[in-house]
Amino acid sequence: MVSTPTISRQRPGSACEECRRRKVRCDRRRPQCQVCFETGIESALERCLADQHPEINHQMASLFNSSLVDMDPGDDPLKDLPSLPDFSDDRGTDIKSPTSSDSQPRTTGLVSEFMRADLDSDQLYFDRVHPFAPILQRWRYHVWAKLGKKTDAQTCLQYAMWTVAASLSAQFQSFRDTLYQETRQMLDSLEVRTPRSVTMSVSSGPGIEQAQAWVLVSIYEYMHLSPQQAWMSAGRCCRLVLGMRLYELDDPNNPITMAREQDEFVDWTGLEEQRRTFWMAYSLDRFISFHNGLPFTLNEQLISTRLPAPEEEFQAGQPVVTRFLAEVMARSCLGGETAGGMVVSPFGESVVLATICGRALSHRQKLAVEQINGDVFDGLWTRHQWLHELLSHRIQVLSTSTQVDSMLIFARIVAQTMVLYLHNVLESIVWKTGDHLLGIIEYERLCVLAAHEVVNLVKLQGQLGYFKVHPLTPIPLMMCTEFFTAHGYLDSSFDGMLRELLECLQDLDRAKNPVQSPQLSVT
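Rules of the game
- Residues numbered from 1 in each chain as written.
- Predicted model: local features only at pLDDT ≥ 70, side-chain atom pairs only at ≥ 80, totals over all residues.
- Heavy atoms only, no water.
- Helix = DSSP H or I, 4+ residues; strand = E, 2+ residues; numbered from the N terminus.
- Buried < 20%, exposed > 50% of the residue type's maximum accessible area, 1.4 Å probe, protein only.
- Areas by Shrake-Rupley, 256 points an atom, 1.4 Å probe, with all protein chains shown as cover.
- Salt bridge = Lys/Arg side-chain N within 4 Å of Asp/Glu carboxyl O.
- pLDDT = per-residue confidence, 0-100.
- Contact = heavy atoms within 4.5 Å.
- Axes fitted to C-alpha atoms, helices over the stretch in contact; angles between N-to-C directions.
- Parallel < 35°, antiparallel > 145°, perpendicular 65-115°, else oblique.
- Left-handed = near helix turned anticlockwise from the far one by under 90°.
- Nonpolar A, V, L, I, M, F, W, Y, C, P; charged D, E, K, R; others polar.
- Phe/Tyr/Trp six-rings, centres within 6.5 Å; stacked < 30°, edge-to-face > 60°.
- Lys NZ or Arg CZ within 6 Å of the ring centre and 35° of its normal.
- Polar contact = N/O pair within 3.5 Å; in protein donor to acceptor, adjacent residues only side chain to side chain.
- Disulfide = S-S within 2.5 Å.

Draft legend 1. Spatial organisation of the overall build of the protein chain. On a plain count of helices and strands, the protein chain comes out with 21 helices and four strands. Going through the 523 residues of the protein chain one by one, you find that 54% of them count as buried. Per element, the accessible surface of the protein chain, about 23800 Å² overall, is 53% carbon and sulfur.

Draft legend 2. View of unusual backbone geometry. With a phi angle near 60°, arginine 245 is a residue other than glycine that sits in the positive phi range. Tracing the sequence through the fold places arginine 245 in the loop between helix H11 (227-243) and helix H12 (255-261).

Draft legend 3. Up close: the pattern of salt bridges. Scanning the model with the defined rule gives 20 salt bridges in all. In this structure, glutamate 248 and arginine 245 form a salt bridge, with 2.4 Å as the shortest nitrogen-oxygen distance. The structure contains a network of salt bridges with shared partners spanning Arg184, Asp188, Glu191, Glu221 and Arg236.

Draft legend 4. Looking closely at the confidence of the model for the protein chain. When pLDDT is averaged across the protein chain, the result is 76; 67% of the residues are at 70 or more. A low-confidence stretch, residues 1-11 (pLDDT under 50), is modelled with eleven contacts involving residues beyond four sequence positions or located in other chains. This stretch, residues 38-108, has a pLDDT under 50; its non-local contacts, to residues over four places away or in other chains, come to 124 contacts.

Draft legend 5. Representation of the packing of helix H16 (residues 346-373) against helix H18 (residues 406-427). The contact between H16 and H18 brings their axes to 9 Å, and the two run at 15°. Taken together, the axis directions place H16 and H18 in an arrangement best described as roughly parallel. Handedness of the crossing formed by H16 with H18: left-handed. Taking contact as the criterion, the partners of Pro346, Phe347, Glu349, Ser350, Leu353, Cys357, Ala360, Leu361, His363, Arg364 and Leu367 in H16 are, on H18, Met407, Leu408, Phe410, Ala411, Val414, Ala415, Met418, Tyr421, Leu422, Asn424 and Val425. Taken together, the residues of the contact of H16 with H18 break down into 17 nonpolar, three polar and two charged.

Draft legend 6. View of the packing of helix H10 (residues 208-224) against H11. Following both chains from N to C, one finds H10 and H11 inclined at 165°, their axes separated by 8 Å at the closest point. Put simply, H10 runs roughly antiparallel to H11. Along this stretch, H10 crosses H11, giving a crossing that reads as left-handed. Between H10 and H11, the residues in contact are Gln210, Ala211, Trp214, Val215, Val217, Ser218, Glu221 and Tyr222 and Pro227, Gln229, Ala230, Ser233, Ala234, Arg236, Cys237, Leu240 and Val241, respectively. A per-class count over the contact of H10 with H11 returns eleven nonpolar, four polar and two charged.

Draft legend 7. Local environment of the environment of threonine 417. Relative to the helices and strands, threonine 417 resides in helix H18. In this structure threonine 417 comes out as buried when scored by relative accessible area, which is 1%. Setting aside residues no more than four positions away along its own chain, threonine 417 makes contact with Val454, Pro476, Met479 and Cys480.

Draft legend 8. Representation of the packing of aromatic side chains. In the structure shown here, the tally under the stated rule is 13 aromatic pairs. With centroids separated by 5.0 Å and ring planes inclined at 25°, the aromatic side chains of tyrosine 180 and tyrosine 220 adopt a geometry described as stacked. Placement of the pair is tyrosine 180 in helix H9 (residues 173-193) and tyrosine 220 in helix H10, with a sequence separation of 40 residues. Arranged with centres 6.2 Å apart and planes meeting at 65°, the rings of tryptophan 381 and tyrosine 443 form a pair that is edge-to-face. Taken together, the residues tryptophan 381 in helix H17 (residues 380-398) and tyrosine 443 in helix H19 (residues 434-461) connect sequence positions 62 residues apart. Taking NZ or CZ as reference, arginine 286 lies 4.2 Å from the ring centre of phenylalanine 296, over its face.

Draft legend 9. Structural context of the side chain of serine 218. Looking at the element boundaries, serine 218 is found in helix H10. Setting aside chain neighbours within four positions, we find serine 218 in contact with Ala230, Ser233, Ala234 and Leu284.

Draft legend 10. Just the side chain of arginine 184, in detail. Tracing the chain through its elements places arginine 184 in helix H9. A polar side-chain atom of arginine 184 sits 2.7 Å from a polar atom in the side chain of glutamate 221. Apart from residues lying up to four places away in sequence, arginine 184 is in contact with Trp214, Val217, Glu221, Gln229, Ser233 and Arg236.

Draft legend 11. The environment of phenylalanine 287, seen in detail. If you trace the backbone, phenylalanine 287 turns up in helix H13 (residues 268-292). Accessibility expressed as a relative area gives 3% for phenylalanine 287, which makes it buried. Each C-alpha atom, one on phenylalanine 287 and one on valine 414, is 9.7 Å from the other, the two residues being 127 residues apart in sequence. In this view, phenylalanine 287 contacts Ser350, Leu353, Ala354, Cys357, Phe410, Val414, Leu472 and Ile475; residues no more than four positions away in its chain are not counted.

Draft legend 12. Quick look at the environment of tyrosine 220. Judged by relative accessible area, which is 1%, tyrosine 220 ranks as buried. Spatially, the C-alpha atoms of tyrosine 220 and threonine 163 are 7.7 Å apart, while their sequence positions differ by 57 residues. Setting aside anything within four residues of it in sequence, one finds tyrosine 220 in contact with Thr163, Val164, Ser167, Arg176, Asp177, Tyr180 and Leu225. Of note is the side chain of tyrosine 220, whose polar atom sits 2.9 Å from the side chain of aspartate 177.

Draft legend 13. Representation of the state of the cysteines in the model. Tallied over the entire structure, the rule returns zero disulfides. Looking at the unpaired cysteine 238, the closest cysteine sulfur is the one in cysteine 237, lying at 5.7 Å. Exposure remark for cysteine 238: the relative accessible area of 0% places this residue in the buried category.

So, in structure tokens, the structure goes:
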């Protein structure tokens, strides 16, 4: 009988000197253990205690819950941080941040102490940006943000965070474009200096913060520049996550995954940030490509990364095993989920709707090619009905939630809008049989119901305030306005509904400049 060798759950070698001195568990990585590398030696004990006692997470988070807008200069908890590092290109040329006059408070690059306190406060980034871009764990961010020495990628991410936060705050509107330009300059410089000679991965090559920065830049560009520019930046973000192989984080046959399962010291929070960064890149790829009618960068069939964990567990650092996208989609097709509630988080539901959105766009693109080749009816109707049943089931699941959540309401609006989109696909067929005409009549009835639901959801969305509405909301709303304009004959109330959606779009557009926002609230 051949004995199976025992696989040790502990890495070979001795614990590092600092971890032994402090009696902290060490993962024994070299040249520096993961805990010490990520948080600095000074904060290693603090993090270990937080892992052992989850309540410390909540205590640390409470330090950042209070408003810092009206604070005295001497009360700034970040006042002792040194200036942010200047970026240099490969030729050693410094890329300097613009400096303020001597009459202004001491600055860290572009950002003064007062601005930094406000931009880092929960009332801005984590209150207004995080709900629709939940890629950062709050406590983890505040730990590394306080460190005097940051990586270049972390500095890029921080500036990207400030850029989007400033764009959603009245008092920092005048800085948003300058912050954006500085962030782009930093990212471009970082990309030039990233070594090309090594195989990219999570541990070597670009840091996860670089991809996270591109997520935020893409969102900012969609909000304030153009969908085309956002599409290009989203593509750069997608290529980064592909290069880091974030699409296969949970592949059970991957040696890295198998090794992680044997490791006692898994950085679950860091792993979840990687998952969430991938899924944000995937969602932007689907939604923004859909807006532009352009091909996707990420291939759904290659993904073996689990869906995002619920927000509460993510912020508390509690490990959760979620489903794979393929599993959720398959269950939706078979109607295997109950109507008793959502089976994935609001972020996960947004990912599922992004997937359906992508499949619907591919359906239309394939139809265009089929009509050119003259084989339009080979499988078209079957494919269309399958998509509609998938969508109907997802709408049923989403309807069980009563949350007024930015991500969830966006997913519900997209779901109803896709009913209208699929009807448009059928109308684009040049020649229709009698059976297809009967089917179109039935879909018209469903479109009227979906249109009314979109307007109801837009009213519900108003409870969030314009600053907290998902920034990609104009994508489905513009599609609805086009449908109402072309299909007024279906329902006499479409004219009034059209006016309501146009007013909402105008208000969202004014919210880009909060001075004109109808619900201005300076916090």
